[in-house]
Amino acid sequence: MPGSETVLNNYLIVGALLFTLGLVGFLTRRNLIVMFLCAELMLQGVSLTLVAFGAYHGTWGGQVFAIFSLALAAAEAGIALALFVVIFKRGSSLDISIWQDLREADQPAIVDEPDVEAPPVEQQWPHLTVAGPLPRRTTEPKEARHDRPPAPVEIVSRRADALVNTLPSPPRGRGAGGEGGNS
Amino acid sequence: MKLFDWILAQGGSSGGISHLPPGLRDMLEQPHAGAILRALVILGCGAVGVYLMLPRSGETDKRWPRFLGGVLATLALVFLVTTPIPAGESSIPGRGATLLWPLDDQSPATGYTFFILAFISLASAVMMITARNPVYSALWFALVLLGNSGLFLLQRADFLSAATVIVYAGAIVVTFLFVIMLAQPTGAAAFDRRSREPLLSTATGLILAAVLVGTLHYAARHEGAGVNTVGSHRPAQESIDRFAKTSKRLSLESDPHVAGLGKTLFVDHVVSVEVIGVLLLAAVVGAVLIAGHPVAHEKAGHHARQ
């Protein structure tokens, strides 16, 4: 028993647009992997169409076809990715244009767009805010280290001092006060 | 909406098109010329958006074409739903009112779900073919697959929906990501920032989409108009009806879902299942053979363009 043709039309339009987008990407992009992804996108559009027809007619045939196309896509992806690995080992690039070296000798090379060297992307690291005061360094500069045996490094934290001042007097005379009291 | 009404008025009135050649004028004076023009404007808006979003050389520091293209493509997707495109005066009222909106006997929630899922699929597809970084392309493709699996679920294809998420998004896209990380770990390369003939490709896509959507619109216009009209002849319908009568397992409602699908797969299409299994095995063996083949080191880097 057929379903609604309006619903069928909607799914068919979505499938057709997915197929078209896959076609545009396949024609335009130059990365081998992206081109293959676009081919998979076209397969998705066709799968959507098949399932829509199956649901419209109320039969299992569309879903069975879509399952077969899914298995085909898996096989295709395995083979194609193995080929991409080999191609990358040989050419050390995934650019599709370098393989026009395989053309006939009398064919002109295709220059698709001028090769503009892109400016290097400046990595923006996050800027950490200063948390707390800087520790005061009481040692000599580094050059003096080799002359004499290294002096004991003494790093004094003002925050620890402040902490000690706010604390009540330690009951046993040791503990937190003993650590900060070296200054 | 006023823009489209104006275009419809321009297409429908003979004043603006009187200078056109007679054949074209006759075509435009048909009552469906406004619908065709609206559909063309929507698809052209989307095509211009995709063209602006495609990577081009020397625009790495300019981001406004991408944003403008994204706005145009989104507008095209919204117009697909909101713009009424009449499917002819003989159509049932409320049917086919817009190009992409299931105004039907379904519940409105189904229609909204359909639109949201279709929007996710199409917008992710646009982002996928325009992403500079192939990693982002693969991730947007995973989102396309999620939207598509939702659409499968709306069409009573439960198993296929689950299989799409598990096999496609779970295995194939991850394999793609492995290969991208293996071959191009630095992200977008120089050749990812350039396109190959973006204008011609987008024009080709526009023509293809216009032909496909126009054919669907043509078929929808002639639907139900009568027995002897063009669109009413469906050669496959009789045989499908006959099969559906004779064999109960062909009907979607006959069984629980996976049981019915399993019956169909392993009774009617058992040879195809075996063949596809052998094909998968051969593909696995072939992939191991191809990828495991050592490449001589003196040949490596021969084609490299430095």
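Relevant structure appears above.
So, a few notes on the structure that sits alongside this text. (Residues numbered from 1 in each chain as written. Chains lettered and ligands numbered in written order. Predicted model: local features only at pLDDT ≥ 70, side-chain atom pairs only at ≥ 80, totals over all residues. Heavy atoms only, no water.)

Thoughts on the overall build of chain A
From N to C terminus, chain A includes 5 helices and 2 strands. For chain A, the succession of helices and strands along the chain, N to C, is α-α-α-β-β-α-α. When burial is assessed residue by residue, chain A has 43% of its 183 residues classed as buried. The long-range fraction of contacts in chain A, counting pairs at least 24 apart against all pairs at least 6 apart in sequence, stands at 52%. When the accessible surface of chain A is summed, it comes to about 10800 Å², and 62% of that surface belongs to carbon and sulfur atoms. (Helix = DSSP H or I, 4+ residues; strand = E, 2+ residues; numbered from the N terminus. Buried < 20%, exposed > 50% of the residue type's maximum accessible area, 1.4 Å probe, protein only. Contact = heavy atoms within 4.5 Å. Areas by Shrake-Rupley, 256 points an atom, 1.4 Å probe, with all protein chains shown as cover.)

Notes on the nonpolar core
Residues A:L21, A:L41, A:F84, B:F141 and B:L160 are the most contacted members of the largest nonpolar core, which totals 79 residues. At 12 residues, helix α3 (residues 61-91) of chain A tops the list of elements feeding residues into this core. Filtering out sequence-adjacent residues up to four positions away, B:L160 remains in contact with A:V51, A:Q63, A:A66, A:I67, A:L70 and B:F152. (Core = buried A, V, L, I, M, F, W, Y, C linked by side-chain atoms within 4.5 Å.)

Structural notes on helix α7 (residues 158-183) of chain B
The end-to-end C-alpha distance of α7(B), which contains 26 residues, comes to 36 Å, matching closely the 38 Å that a straight helix rising 1.5 Å per residue would cover. Along α7(B), the largest kink reaches about 25 degrees and is centred on B:Y168. (Expected span 1.5 Å × (residues − 1). Bend = angle between axes of the 7 residues up to and from the residue.)

What about the packing of aromatic side chains?
Residues and elements named next belong to chain B. The full count for this structure, using the stated rule, is 5 aromatic pairs over all chains. Aromatic pair F115 and F119: ring centres 6.1 Å apart, planes at 50 degrees, arrangement tilted. Taken as a pair, F115 and F119 lie in helix α5 (residues 108-130) at a separation of 4 residues, close to a single helical turn. A relative accessible area of 28% means that F119 is categorised as partly exposed. Between F141 and Y168, the ring centres sit 6.1 Å apart and the planes meet at 80 degrees, which makes this aromatic pair edge-to-face. (Phe/Tyr/Trp six-rings, centres within 6.5 Å; stacked < 30°, edge-to-face > 60°.)

Observations concerning unusual backbone geometry
All names here are of chain B. Within the chain, R156 stands out as a residue other than glycine whose phi angle is a positive 60 degrees. Of note, R156 is situated in the loop between α6 (134-154) and α7. Note on R156: relative accessible area 35%, which makes it partly exposed.

As for the interface of chain A and chain B
Taken together, the contacts link 84 residues of chain A with 106 residues of chain B. Three residues, A:R29, A:W60 and A:R90, lead the burial of chain A against chain B; their summed loss comes to 9% of the area buried on that side. Where chain A meets chain B, there are 9 residue pairs in polar contact (both at pLDDT 80 or more). Every element with two or more residues in the side of chain A that touches chain B is listed here: α1 (5-28), α2 (32-57) and α3 of chain A. Sort the elements by how many residues they give to the side of chain A that touches chain B and α3(A) lands first, with 24 residues. Here the residues of the side of chain A that touches chain B are counted per class, giving 53 nonpolar, 20 polar and 11 charged. (Buried area = accessible area lost by both parts, 1.4 Å probe. Polar contact = N/O pair within 3.5 Å; in protein donor to acceptor, adjacent residues only side chain to side chain. Nonpolar A, V, L, I, M, F, W, Y, C, P; charged D, E, K, R; others polar.)

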